[in-house]
Amino acid sequence: MSKQRVQFIKQAAGEDAQADASLIATVSDIISNVRQRGDAALRDYSQKFDGVAPEQLEVSAAEIEQALAQLADQTRQDSEFAIAQVRRFAEAQRATLQPLEIETLPGVHLGHRIIPIETVGCYVPGGRYPILSAPVMSIVPAVVAGCDNIIACLPPGAHPAMIAICHLAGAHRIFKVGGAQAIAAMAYGTASLPAVDKIVGPGNAFVNEAKRQVFGKVGIDALAGPSEIFIVADDSADPRVLAADLLAQAEHDVRTRVGLATTSERVAHATLREIEAQLASLPTAKTAGEAWQRQGEIVLCADEDAMVAYTDEIATEHLQINARDPHALAARIRNYGSLFIGQNASVVFSDKCCGTNHTLPTMAAARYTGGLWVGAYLKTCTHQWIDDQGIAAIAAPAVRQSRTEGMQAHRRAAQIRLQPEKLDAILRGAED
């Protein structure tokens, strides 16, 4: 889009563009070591990175019971509420995915089945806060999808409540293994921890790089960068609300990208003032303030068309719409991880408990993918069956195409079915 159509009231400093070769090498070494040494390597890395080396890597039934007993009643009720909401939405999504059978030509029957992935690994981050909704978002859709084995991995120093929530969400087995070593273990398996078919869930830079390196051996949901939020707003938006929502996301991490695109110069400057005012009394201002200073943006757009174009260009993870007609504006935008329509639809509600999944594409990946959902745990696999009437319709074109391509074995395989009485001659290669 034309840069003359937007003006930066505040611009992000940007990330260091230099590739972190040391990170790549470190993760590669971790993966190699885990593959060679298995559980022993997991314990060594736990001691090195987490300061504890659990003798038993899997969380026992007694540990789960203890974690549940320690969980405050209200926390459990709120977590079960979130689990129910995420399950309800995932079940509704699953209901839209149906098997297919169609006869495309007389005698040509095509279709697909929806098949759950057998074994999935859900990485549950430790991080700055014990985010109790994190295991809910990765485990509950796997339960709804019908995965046979749901493995959860979380750092050994994670808050005990995280173990309780993993269990309540439906994990079949829980392991006290974190970081890149957990990704390696789930990809290749160890004596204690089974190999999985797909790994989901966000983590730090080491986890992200490990997922990148094991992709192919296993499936992954996505490569997740720091969290992002952008709000698009017209002159009807409330700067106090805008500032509160931006700071709510900024407290995740100092690398969180937060921004506002607006057609109103008044709203732009008022929001800038509100952010500074709210930071003064925010208990997590150290993190949120640094994120705002480093990655905060306020963009003044010439008109709504410029605002839409800028929004589609950045393809943010979370996109809030604060405008007079938020649904009409939302309908014009195509690149986002999840969309929050109207002033009441704060990202906070999705982060915690409203039911949509909070594991979403970052780093402009929303240009080509959506977020984690029940479909991420399912395979859509095609099948076909063809009767004699169908052979009459499709074998001859297949023979001709194979001959044109020079693929004689393909031609033979098709022609056997078209003219089975010539089988002996075809196998001898005597036919034209």
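On to the overall build of the protein. Summing up its helical and strand segments, the protein has 17 helices and 14 strands in all. In terms of overall dimensions, the protein has a C-alpha envelope of 90 × 60 × 45 Å along the principal axes. Out of the 432 residues in the protein, the part that is buried amounts to 46%. Long-range contacts, defined as pairs at least 24 residues apart, comprise 70% of the intrachain contacts of the protein with a sequence gap of at least 6. Carbon and sulfur atoms make up 51% of the accessible area of the protein, which totals about 20,800 Å². On the protein, the mean spot of the 39 positive side-chain charges and the mean spot of the 49 negative ones are 4 Å from each other.

Let us now look at helix H8 (residues 205-214). Along H8, the residues that are buried comprise Val207, Asn208, Glu209, Ala210, Lys211 and Val214. The inward-facing, buried residues of H8 contact helix H1 (21-37), strand S4 (119-123), helix H7 (179-188), strand S7 (198-200) and strand S8 (219-220).

Under the criterion given, the structure shown has zero disulfides. Cys354 carries a free sulfur, and the closest cysteine sulfur to it, the one in Cys353, is 6.8 Å from it. On the basis of relative accessibility, which here comes to 43%, the residue Cys354 falls in the partly exposed class.

This part is about the environment of Ala365. Inspection of the secondary structure puts Ala365 in the loop between helix H14 (347-352) and strand S14 (378-386). Here the alpha-carbon distance between Ala365 and Gly225, two residues 140 residues apart in the chain, equals 10.0 Å.

This paragraph deals with the side chain of Asp351. Checked against the element boundaries, Asp351 lands in helix H14. At 5.6 Å, Lys352 is the nearest oppositely charged side chain to Asp351, a buried residue that forms no salt bridge. Among all residues touching Asp351, those that are not within four sequence positions of it are Ser133, Met137, Gln249, His252, His318 and His358.

Next up on the list: unusual backbone geometry. Residues other than glycine seldom take positive phi values, yet Ala315 does so here, at roughly 45 degrees. You can see Ala315 is positioned in the loop between helix H12 (304-314) and strand S12 (318-322). Assessed through its relative accessible area of 0%, Ala315 is described here as buried. If you check the backbone angles, Met363 has positive phi at about 55 degrees while not being a glycine. With respect to the helices and strands, Met363 occurs in the loop between H14 and S14.

The next point concerns the sheet that holds S7. Reading across the sheet, the five strands line up as S6-S5-S4-S7-S8 and stay open at both edges, with parallel pairing between neighbours. This sheet does not close on itself; its edge strands, each paired only once, are strand S6 (173-176) and S8.

So, on to the packing of aromatic side chains. With the rule as written, the count across this model stands at three aromatic pairs. Residues Tyr45 and Phe49 carry aromatic rings whose centres are separated by 5.8 Å and whose planes lie at 5 degrees to one another, so their mutual orientation is stacked. Of this pair, Tyr45 and Phe49 both sit in helix H2 (residues 39-50), four residues apart, roughly one helical turn. Judged by relative accessible area, Tyr45 falls into the buried class, the value being 11%. For Phe49, a relative accessible area of 42% gives the class partly exposed. With centroids separated by 6.0 Å and ring planes inclined at 55 degrees, the aromatic side chains of Phe230 and Tyr310 adopt a geometry described as tilted. Here Tyr310 lies in helix H12 and Phe230 lies in strand S9 (residues 228-233), a separation of 80 residues in the sequence. Comparing Phe230 with Tyr310 shows no difference in burial state: the two are buried. Linked through ring pairs, Phe8, Phe230 and Tyr310 together constitute an aromatic cluster. Lying over the aromatic face of Tyr188, Arg35 brings its terminal NZ or CZ to 4.0 Å of the ring centre.

Calculation notes
- Residues numbered from 1 in each chain as written.
- Predicted model: local features only at pLDDT ≥ 70, side-chain atom pairs only at ≥ 80, totals over all residues.
- Heavy atoms only, no water.
- Helix = DSSP H or I, 4+ residues; strand = E, 2+ residues; numbered from the N terminus.
- Buried < 20%, exposed > 50% of the residue type's maximum accessible area, 1.4 Å probe, protein only.
- Contact = heavy atoms within 4.5 Å.
- Areas by Shrake-Rupley, 256 points an atom, 1.4 Å probe, with all protein chains shown as cover.
- Lys, Arg positive; Asp, Glu negative; His and termini not counted.
- Charge placed at Lys NZ, Arg CZ, Asp CG, Glu CD.
- Disulfide = S-S within 2.5 Å.
- Salt bridge = Lys/Arg side-chain N within 4 Å of Asp/Glu carboxyl O.
- Pairing = 2+ DSSP bridges.
- Phe/Tyr/Trp six-rings, centres within 6.5 Å; stacked < 30°, edge-to-face > 60°.
- Lys NZ or Arg CZ within 6 Å of the ring centre and 35° of its normal.

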